[in-house]
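One letter stands for each residue in the lines below.
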Amino acid sequence: TLNDWPKVTWAPSADALRVNLDTITKAQIQAWQPGQTLLLSGKLLTGRDAAHKRIATLLAKGEKLPVDFTNRFIYYVGPVDAVRDEAVGPAGPTTATRMDDFTEMMLGQAGLLGMVGKAERGDEAIE
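Keep in mind it's a predicted model, so treat the numbers as computed, not measured.

A. How the structure looks around the overall build of the chain. Counting its secondary structure elements, the chain contains four helices and six strands. Reading the chain from its N end, one meets helices and strands in the order β-α-β-β-α-β-β-α-β-α. Across its three principal directions, the C-alpha atoms of the chain cover 55 × 45 × 25 Å. Of all 127 residues assigned to the chain, the portion counted as buried reaches 28%. Put simply, of all contacts in the chain between residues at least 6 apart along the chain, 52% involve residues at least 24 apart.

Right, dumping it as structure tokens:
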């Protein structure tokens with residue numbers, strides 16, 4: 001029952017910005033500030049280094065990508081095997097630094113607008 005769950009009283013700060021990833025524009029992103037709290041809604045793609053390597057191979061061959069990355073965001077996530085009768089296992093953030101080498105390709109060639117992940121990004125990826 002719901003009584004078994006703790007009462008959640010967290011609320012976002014007054015300066016938190018609601019962001020709909022289905023309608024986000026480059027102009028809106030330009031107004032964001034480092035450290036600003038963003039409340040994301042909408043579709044968020046997921047992937048990690050293995051997916052990025054596959055994307056790089058497809059682009060190098062001039063082949064069509066399996067997903068349209070145009071004006072989308074990707075969440076760097078690592079899957080865990082499904083347990084018992086689960087169709088999909090749990091997933092959690094994976095280190096974004098491993099995707100640094102693919103940043104230019106994803107933003108410039110694939111049309112991605114942004115990335116969500118954990119850990120620091122290298123200087124080149126930040127640039």
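Additional details are given in the paragraphs that follow.
B. Molecular detail of helix 2 (residues 49-60). Over its 12 residues, helix 2 extends 16 Å from the first C-alpha to the last, a length consistent with the 16 Å expected when each residue adds 1.5 Å. Buried within helix 2 we find Asp49, His52, Ile55 and Leu58. Residues of helix 2 that are buried in the fold lie against strand 4 (73-79) and helix 3 (103-109). Positive phi shows up at Gly62, right after helix 2, with a value of about 75°.

C. Structural detail: a negative patch on the surface. On the surface, a cluster of negative charge is contributed by Asp101, Glu104, Asp123, Glu124 and Glu127. Along the polypeptide, Asp101 turns up in the loop between strand 5 (91-93) and helix 3.

D. Looking closely at the side chain of Asp100. Relative to the elements of secondary structure, Asp100 occurs in the loop between strand 5 and helix 3. There is a polar contact of 2.6 Å between the side chain of Asp100 and the side chain of Arg121. Leaving out residues up to four positions away in the same chain, Asp100 has contacts with Arg121, Gly122 and Ala125.

The rules we used
- Every chain's residues receive numbers from 1 upward, in the order its sequence appears when written.
- Local features in this predicted model are restricted to residues whose pLDDT is 70 or higher, and side-chain atom pairs enter the listing and the counts only when it is 80 or higher, whereas totals over whole chains, interfaces and linings include all residues.
- As a convention, hydrogens and water are excluded, and side-chain values are obtained from all of the structure's heavy atoms.
- Helix and strand definitions here come from DSSP, where helices need a minimum of 4 consecutive H or I residues and strands a minimum of 2 consecutive E residues; each element is numbered from the N-terminal end.
- Buried, partly exposed and exposed residues are distinguished by accessible area as a fraction of the type maximum, computed with a 1.4 Å probe on protein chains only: under 20%, between the cut-offs, and over 50%, respectively.
- Should any heavy atoms of two residues lie within 4.5 Å, those residues are counted as being in contact.
- The span one expects for a helix is its residue count, reduced by one, times 1.5 Å.
- Here a patch means residues that are over 30% exposed by relative accessible area and free of salt bridges, tied together within 9 Å if like-charged and within 5 Å if nonpolar (Val, Leu, Ile, Met, Phe, Trp, Tyr).
- To be clear on the numbers: accessible area is Shrake-Rupley with a 1.4 Å probe, and residue cover counts the displayed protein chains and nothing else.
- One side-chain nitrogen of Lys or Arg within 4 Å of one carboxyl oxygen of Asp or Glu is enough to make a salt bridge.
- Counting rule for charge: Lys and Arg are taken as positive, Asp and Glu as negative, and neither His nor the chain ends is counted.
- To locate a charge, take atom NZ for lysine, CZ for arginine, CG for aspartate or CD for glutamate.
- Pairs of N or O atoms within 3.5 Å make up the polar contacts considered here, provided that, within protein, one atom can donate a hydrogen while the other can accept it, and that residues adjacent in sequence are counted only when both atoms are side-chain atoms.

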